[in-house]
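So the chains spell out like this:
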Amino acid sequence: MLLTGGLKSLLPHVLRRIIRCNRLSISNTSGMAEGYKQANVVILPKSLADDFEKFCHANDGPLPLLYRSKPGDWKCPSLSSDSDIRTDCLQYRIYKHGACTGSLKSLKEYSEQLKDMVTFYLGCSFSFEKAVQNAGIPVRNVEQKCNVSMYKTAVPCYSISTFCCNLVVTMRPIPESKLEAAVLATSELKEAHGAPIHIGDPGLLGIQDLSKPDYGDPVHLHPGDIPVFWACGVTGVEAVINCRAPLAFTHSPGCMFITDLKNDHVTVRSSKEVPQVHCVSQDPLHYSIVSAEAAQKIKNLETLIGIDPGHRGIIHLHRQDELLKACLSVSHARSVLITTGFPTHFTYEPPEENDGPPGALAIVAILQALEKEVAIVTDQRAMNLNKKIIEEAVQLGILKRPVPLLSYQRESADSALMFLCENGNPGRPRFDHLIAIERAGMAADGNYYNARKVNIKHLVDPIDELFLAAQTIPGVTTTGVGDGGNELGMGKVKDAVKKHIKNGDVIACDVEADFTIVAGVSNWGGYAIACALYILSSCEVHDRYLRKGVGFPQLSKKMVWLSALPSVTKEEKLLKTLVQHGVRSGKTASLEMEVDGLPFYNTHSLMIEKLL
């Protein structure tokens, strides 16, 4: 028997010959034939072959198809010069009607049956290990001389006919400082599964215990390592099990077919393809991926909305990249709760100003277009007003459909938790993300103040409590949008508010949000969120990460998303509606912006003031 020393430098055809002779004392092919592509293997009856090929194309993250053989063809000339699929994997598994009936070193005894079967060669993550090492990133399973960890997830693949299963992933521990380098090293190696499909808490994939992989070996994390997950070709094994074919064969997980194809170094050529990694949640730990081009567009939006038309000193409140991180978090959310309403005109009825509702409805519109659940929570006294505004927004075409309108009152110590979670259970939140836009925020003394230090607490329901409760619920993140520091969520910058904003020592909101978006006018922040979500949804890098590499790109819906964005026409119609209902001007102003070269707001602030 040959030992493992030196195997990583042997040429593929030599390794296949050694494997064929059953002369290796190893359990997997990780680290062997460095720089060459390895392949998962699925062998099916020819009657199922066309559907399985469609299944691969529909889920090309886990199942990048390298080669499909003809029935009975044991060779794969485009992948290797002298191979025989019956003998050239370290170990095989045999399945009968979906049940694994054993492992084999050779399939020669099934040569007759194989004449009516088709072999699929699918890309493998072992192929990118050398590229990862070349980027200065440790490959822990190679260091620990074990197979990679593989896990079944709760993520469903796109089904084709009898082929349906959940995604299987590999996990590699990556030092936090090397996350972006790992993504960059693998993103262009699409035939080896490409970029990761998840970075962070395994529970978000439905994986309960990293120490108990479904396939392979446990791989131990070093201090400072983050679990990073790639789509895995063993997904094909799960598909074989579920299709219940009378006879099928696969490689044994980790025992790959080694090809003669080199992993040629691919240079990412444009910012549209260069991935960036951003942390969007600490509890549970969750990172997202976006292209450098999309990230830069969102950063430009952030700069644009930071213009200070009132010269109030909001530049001192800005936190860099908060818009990007907030919108990445919202992009991953299933259900979003929005609140708005600042009764600045406290001597009038209604006391609301027109800064806030237009921005809130702009966010609602894009979330509806993105097919997310969304609701609005507001003051009980303002329910009828908001109901009328929402109904007219639907009639005007600003919203696709009415949005649920809720109110919140404190009735007991756990009222906020009961509101946010099913039966008050933090493990079952109703909303993944809360957004406050131009919403009066509670100051340190428990009161609510407008910019002139007038206490308006009697007009404000304690919706702040929802944001405070959200801090205790894993997986629920929050965003605050404001323009003066007295808005809900601005507690994150309260020290700067107290130092730089007039009356800040009194009016500063004390309640923090995870992300704080500061704009010259809060509505601008809402419009920027809507546009940033459009940019993210149109980003191929981010779209693939959201889909976990399964199913088809969602870019065909781009025109639907585009039609949901704010526009000058929509702004004018909505502001007229607010005026008709007695809502007065606060400081609303429009702003020149472009998204993908398309102007969405091109009027001057004076035009808005004249309109009102």
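Coordinates for the structure precede this section.
Residues numbered from 1 in each chain as written. Predicted model: local features only at pLDDT ≥ 70, side-chain atom pairs only at ≥ 80, totals over all residues. Heavy atoms only, no water.

Some words on the overall build of the chain
Going by this rule: A run of H or I in DSSP counts as a helix once it spans at least four residues, and a run of E counts as a strand once it spans at least two, with each numbered from the N terminus. Taken over C-alpha atoms, the radius of gyration is set against a globule rule of 2.2 Å times the number of residues to the power 0.38. Note on exposure labels: buried denotes an accessible area under 20% of the residue type's maximum, exposed denotes more than 50%, and partly exposed covers the range between, all computed with a 1.4 Å probe on protein chains only. Any pair of residues with heavy atoms lying within 4.5 Å of one another is described as a contacting pair. Here the Shrake-Rupley method, with its probe set to 1.4 Å, supplies the accessible areas, and only the displayed protein chains count as covering residues. By the counting scheme adopted, Arg and Lys are positive, Glu and Asp are negative, and His together with the chain ends is not counted. A charge is said to be at NZ when it belongs to Lys, at CZ for Arg, at CG for Asp and at CD for Glu.
Of the regular secondary structure elements, the chain holds 20 helices and 22 strands. Over its C-alpha trace the chain gives a radius of gyration of 28 Å, about what one expects of a compact globule, namely 25 Å for 612 residues. Expressed as lengths along the three principal axes of its C-alpha atoms, the size of the chain is roughly 90 × 50 × 45 Å. Across the 612 residues of the chain, 59% fall into the buried class. Long-range pairs, those at least 24 residues apart, make up 75% of the contacts in the chain between residues at least 6 apart in sequence. For the chain, the accessible surface area stands at approximately 24,200 Å², while carbon and sulfur atoms represent 51% of it. The distance from the centre of the 64 positive side-chain charges to the centre of the 66 negative ones in the chain is 5 Å.

With respect to empty space enclosed by the protein
The condition that has to hold: Points on a 1 Å grid over protein atoms alone make up a cavity when a 1.4 Å probe fits among them but cannot get out, and a pocket when they form an open set with protein on both sides within 12 Å along at least five of seven lines; lining residues each have an atom within 4 Å of a point. Grid points are joined across faces, edges and corners, and a volume is the space filled by probe spheres set on the points. Each residue receives one of three labels: charged for Asp, Glu, Lys and Arg, nonpolar for Ala, Val, Leu, Ile, Met, Phe, Trp, Tyr, Cys and Pro, and polar for the others, Gly being one of them.
This structure, assessed with the given rule, holds 5 cavities of 30 Å³ or more. A volume near 100 Å³ is recorded for the largest cavity. Breaking the lining of the largest cavity down by element, the ones donating at least two residues are helix H10 (357-369) and helix H19 (568-580). In terms of residues, the lining of the largest cavity owes the most to one element, H10, which gives 4 residues. In terms of residue class, the lining of the largest cavity is made up of 10 nonpolar, 1 polar and 2 charged.

Topic: the nonpolar core
Side chains of a nonpolar character, in soluble globular proteins, are inclined to be buried together. The criterion, for reference: Buried residues of nine kinds, namely Ala, Val, Leu, Ile, Met, Phe, Trp, Tyr and Cys, make up a nonpolar core once their side-chain atoms join them within 4.5 Å.
One finds Ile-199, Ile-338, Ile-366 and Leu-367 to be the most contacted residues of the largest nonpolar core, which totals 82 residues. Element by element, the count of residues in this core is highest for helix H16 (residues 522-537), at 11 residues. Those residues in contact with Ile-338 that sit more than four places away from it in its chain are Ala-360, Ile-363, Val-364, Leu-367, Val-374, Ala-375, Ile-376, Val-377, Ile-435 and Ile-437. Among the nonpolar cores identified, the runner-up in size contains 44 residues, and Ala-58, Val-118, Met-171 and Val-237 belong to it.

Here's the deal with the layout of surface pockets
By volume, the largest pocket is sized at about 1,000 Å³. Ser-331, His-332, Ala-333, Arg-334 and Lys-372 are, among the 31 residues lining the largest pocket, the residues nearest its centre. For the lining of the largest pocket, the secondary-structure elements that each account for two or more residues are strand S6 (149-156), strand S13 (275-282), helix H9 (322-332) and helix H17 (540-547). In terms of residue count, the dominant contributor to the lining of the largest pocket is H9 (4 residues). In terms of residue class, the lining of the largest pocket is made up of 13 nonpolar, 10 polar and 8 charged.

Some details on the packing of helix H8 (residues 292-305) against H16
The test is simple: Here an axis means a line fitted to C-alpha atoms, over the contact stretch when the element is a helix, while the angle between two N-to-C directions is reported on a 0 to 180 degree scale. Here roughly perpendicular refers to angles of 65 to 115 degrees, roughly parallel to angles under 35, roughly antiparallel to angles over 145, and oblique to all remaining angles.
At a minimum axis distance of 10 Å, the contact between H8 and H16 shows a crossing angle of 175°. It follows that H8 is roughly antiparallel to H16 by the angle criterion. Between H8, through Ala-294, Lys-297, Ile-298, Leu-301 and Ile-305, and H16, the contact on the second element is made entirely by Trp-524, Gly-525, Ala-528, Cys-531, Ala-532, Ile-535 and Leu-536. In terms of residue class, the contact of H8 with H16 is made up of 10 nonpolar, 1 polar and 1 charged.

What to know about unusual backbone geometry
Residue Pro-284 is bonded to the preceding Asp-283 through a cis peptide linkage, with omega at 0°. Following Glu-349, the chain continues into Pro-350 via a peptide bond in cis, with omega recorded as 0°. Positioned with a positive phi, Lys-145 is a non-glycine residue whose angle comes to about 50°. The topology assignment puts Lys-145 in the loop between helix H5 (140-143) and S6. By relative accessible area, which is 76% here, Lys-145 ends up exposed. One non-glycine residue, His-311, lies in positive phi territory at about 50°. Relative to the assigned elements, His-311 resides in the loop between H8 and H9.

Points about the pattern of salt bridges
For clarity, the threshold we go by: Just to be clear on terms, a salt bridge is a Lys or Arg side-chain nitrogen sitting within 4 Å of an Asp or Glu carboxyl oxygen.
Counted by the stated rule, this structure contains 29 salt bridges. The salt bridge involving Arg-86 is made with Asp-84; its shortest N-O contact spans 2.8 Å. Across the pair, exposure class does not vary: Arg-86 and Asp-84 are buried alike. Here Arg-428 makes a salt bridge to Glu-422, at a shortest N to O gap of 2.8 Å. Three or more residues joined by partner-sharing salt bridges are found here, namely Arg-16, Arg-17, Asp-82 and Asp-260.

Some words on the side chain of Arg-172
Selection rule: Two N or O atoms count as a polar contact when they lie within 3.5 Å, although within protein this holds only if one can serve as hydrogen donor and the other as acceptor, and sequence-adjacent residues are included solely when both atoms are side-chain atoms.
By secondary structure assignment, the location of Arg-172 is in strand S7 (residues 166-175). Within the local environment of Arg-172, its side chain forms a polar contact with the side chain of Ser-125, the two groups lying 2.9 Å apart. In contact with Arg-172, not counting residues within four places along its chain, are Ser-125, Phe-126, Phe-128, Glu-129, Asn-141, Val-148, Ile-226, Pro-227, Val-228 and Trp-230.

Observations concerning the pairing of strand S14 (residues 285-291)
Within a regular strand, the side chains alternate between the two sheet faces. For clarity, the cut-off: Strand pairing follows a simple DSSP-based rule, namely that at least 2 bridges must link the two strands.
The buried fraction of S14 is high, at 7 of 7 residues. The two faces of S14 match: Leu-285, Tyr-287, Ile-289 and Ser-291 on one face and His-286, Ser-288 and Val-290 on the other face are all buried. Pairing of strand S8 (residues 198-200) with S14 involves 2 bridges; the strand directions are antiparallel. Each bridged residue has a counterpart across the sheet, and for Ile-199 the counterpart in S14 is Tyr-287. Sheet topology places S13 next to S14; 7 bridges connect them, and they run antiparallel. Bridge pairing in S14 places Ser-281 opposite His-286. Hairpin connection from S13 to S14: 2 residues lie between these consecutive antiparallel strands.

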